[in-house]
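Read off the chains here:
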Amino acid sequence: MRLDQALKWQGLVATGGEAKLRIQGGEVQVNGSVESRRGRKLQSGDVVELAGRRFTIEPTEPGDGTATP
């Protein structure tokens, strides 16, 4: 799953455009580091944080990752 998609899926942003702006604005962290690439592929175990909300990417099927709160 891409970072911008994960933010939308978790309800942290309303649109892809908002995700882009917040990512490029340095508001999003992945595994404790600011991430500026909205197309970053997230892997199982990655921790994403925005505005004090955090979620972890968990696998649902081999090779596929989805986010859990």
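Quick word on helix α2 (residues 16–24)
Every buried residue of α2 is listed here: Ala19, Arg22 and Ile23. One side of α2 carries all its buried residues, which in axial view fall inside an arc of 100°. Turned more than 90 degrees away from the buried face of α2 sit Leu21 and Gln24, all of them exposed. Summarising the contacts, the buried residues of α2 are in contact with α1 (3–9), β1 (28–30) and β3 (47–50). Downstream of α2 by one or two residues, Gly26 has phi in the positive range, about 80°.

Focus: the pattern of salt bridges
Taken as a whole and judged by the stated rule, the model has seven salt bridges. For Arg22, the salt bridge is made with Glu27, and the minimal N-O distance between the two is 2.9 Å. Exposure remark for Glu27: the relative accessible area of 39% places this residue in the partly exposed category. Among the ionic pairs, Arg54 bridges to Glu49, the shortest N-O distance being 3.0 Å. Looking at Arg54, the relative accessible area reads 55%, which means it is exposed. Judged by relative accessible area, which is 23%, Glu49 ranks as partly exposed. Shared partners join several salt bridges into a network, and the residues in it are Arg2, Asp4 and Arg38.

Some words on the environment of Ile57
Relative to the helices and strands, Ile57 resides in strand β4 (residues 53–61). Ile57 gets classed as buried once you look at its relative accessible area, which sits at 0%. Once the C-alpha coordinates of Ile57 and Asp46 are considered, the two residues, 11 residues apart in sequence, prove to be 5.4 Å apart.

Here is what the cut-offs are and how they apply
- Residues numbered from 1 in each chain as written.
- Predicted model: local features only at pLDDT ≥ 70, side-chain atom pairs only at ≥ 80, totals over all residues.
- Heavy atoms only, no water.
- Buried < 20%, exposed > 50% of the residue type's maximum accessible area, 1.4 Å probe, protein only.
- Helix = DSSP H or I, 4+ residues; strand = E, 2+ residues; numbered from the N terminus.
- Arc of directions from axis to C-beta.
- Contact = heavy atoms within 4.5 Å.
- Salt bridge = Lys/Arg side-chain N within 4 Å of Asp/Glu carboxyl O.

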